[in-house]
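A structural walkthrough
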Amino acid sequence: MIKAIFLDVDGTILSFSTHQIPVSAQRALSQLHDKGYKIIIATGRSAGDLTEISNVPYHGVVGLNGAECTLRNGEVVARHSIPIDLFRKSLELSKEYDFAVAVEGEDGIYVDKLTPRVVEMSRMVDHPLPQVRNLNEVFKEGISSQLCFFFDKEIEQKVMVQLSGLTATRWCDVFADINVAGVDKAVGIRSFADYLGIELSETMALGDGGNDIPMLRAAGIGVAMGNASDEVKSYADYVTDHIDNDGLCKVFKHFGLI
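An account of the accompanying structure is given in this report. In this text the structure is predicted, and so the values were computed from the model without any measurement.

1. Here we look at the pattern of salt bridges
Under the defined criterion, the tally for this structure stands at 13 salt bridges. Between Glu-52 and Arg-45 there is a salt bridge, with its nearest N and O atoms 2.9 Å apart. According to the relative accessible area criterion, Arg-45 is buried, its value standing at 6%. One network of salt bridges, with partners in common, ties together Asp-10, Arg-45, Asp-49 and Glu-52.

So this is what it looks like as structure tokens:
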């Protein structure tokens, strides 16, 4: 019996083509809430970067790929912060390999410089360009839980072997989310399951990107969106329709949740 539903944002709740929640998805999520299911957002974004889905009746957020789990009121369920020595090493490597770095915080994303990849990221998610800041002034020791590296996969291989305490995950080719090694969305949903007092077998997770694979594997039922890559689909228990073809609504009806 499913008690909690974990949902990715971009490409799962929010359409990449319209940058909006499909009407059928909004209606389905409201029905789930009314029936008593716990709706938890599971995203690479921070909890403070969810304006577009403010009308979704969610209970909490597995944010920053599992590195920061909070209730909707801001109460922290779990946090895995990046050690400051690894942050400083990251900045050194960004200069050596010439890529932009972002620090994600509760109030937004800050970058050390604007590059074509940073511009493309903003276009993809329909966000304003992030502010350029001195990241040493933005990073908060013991709190900051995610960085973003704007590099290709070839540079990623060269950089990440020098940052053994960190791990990189992607949902697109433009950049990689950087978190403490061993932390991912699966860790996040386990933290929330423990908090809610439920078993992982009583959870459903839905996503479309590579960073969703760990939680699709961990959840009782892992669902890939129809717009997901073949790799993501290969790890899912069920593949629903495309987000723009009522994929969310259809999967909830398929499993008898609404």
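2. Description of unusual backbone geometry
Even without being glycine, His-19 reaches a positive phi, approximately 60°. Residue position: His-19 is located in the loop between β1 (4-7) and α1 (23-34). Its identity is not glycine, yet Asp-126 carries a phi of approximately 55°, on the positive side. One can find Asp-126 in the loop between α3 (116-125) and β8 (131-132).

3. Description of the nonpolar core
Proteins that are soluble and globular tend to have nonpolar side chains buried together. Ranked by size, the top nonpolar core spans 30 residues in total, and within it Ile-5, Leu-7, Ile-53, Met-204, Leu-206 and Phe-252 carry the most contacts. Non-local contacts of Ile-53, meaning those with residues more than four positions away in its chain, are made with Val-9, Ile-13, Leu-14, Ile-21, Ile-41 and Tyr-58. Judged by nonpolar contacts, the second largest core, of 26 residues, contains Leu-64, Ile-82, Leu-91 and Leu-93.

4. Looking at the sheet that holds strand β13 (residues 221-224)
Judged by pairing direction, the sheet is mixed, and its eight strands sit side by side in the order β5-β4-β3-β2-β1-β12-β13-β14 without closing on themselves. Edge positions in the open sheet fall to β5 (76-79) and β14 (238-239), since each of these has one partner strand only. Relative to strand β4 (residues 68-71), strand β3 (residues 60-63) runs antiparallel, the two sharing four bridges. Bridge pairing in β4 places Val-62 opposite Cys-69. Where helix α9 (residues 247-254) meets the sheet, it contacts β1, β12 (203-207), β13 and β14, and its direction lies at approximately 155° from that of β12.

5. Thoughts on the packing of α1 against α9
Pairs of packed helices are described in terms of their axes, by the angle between the two and the distance that separates them. The N-to-C vectors of α1 and α9 enclose an angle of 40°; their axes lie 7 Å apart at closest approach. Residues Ser-24, Ala-25, Ala-28, Leu-29 and Leu-32 of α1 pack against Leu-248, Cys-249 and Phe-252 of α9. Residues that form the contact of α1 with α9 fall into these classes: seven nonpolar, one polar and no charged.

Parameters and conventions
- Residues numbered from 1 in each chain as written.
- Predicted model: local features only at pLDDT ≥ 70, side-chain atom pairs only at ≥ 80, totals over all residues.
- Heavy atoms only, no water.
- Salt bridge = Lys/Arg side-chain N within 4 Å of Asp/Glu carboxyl O.
- Buried < 20%, exposed > 50% of the residue type's maximum accessible area, 1.4 Å probe, protein only.
- Helix = DSSP H or I, 4+ residues; strand = E, 2+ residues; numbered from the N terminus.
- Core = buried A, V, L, I, M, F, W, Y, C linked by side-chain atoms within 4.5 Å.
- Contact = heavy atoms within 4.5 Å.
- Pairing = 2+ DSSP bridges.
- Axes fitted to C-alpha atoms, helices over the stretch in contact; angles between N-to-C directions.
- Nonpolar A, V, L, I, M, F, W, Y, C, P; charged D, E, K, R; others polar.

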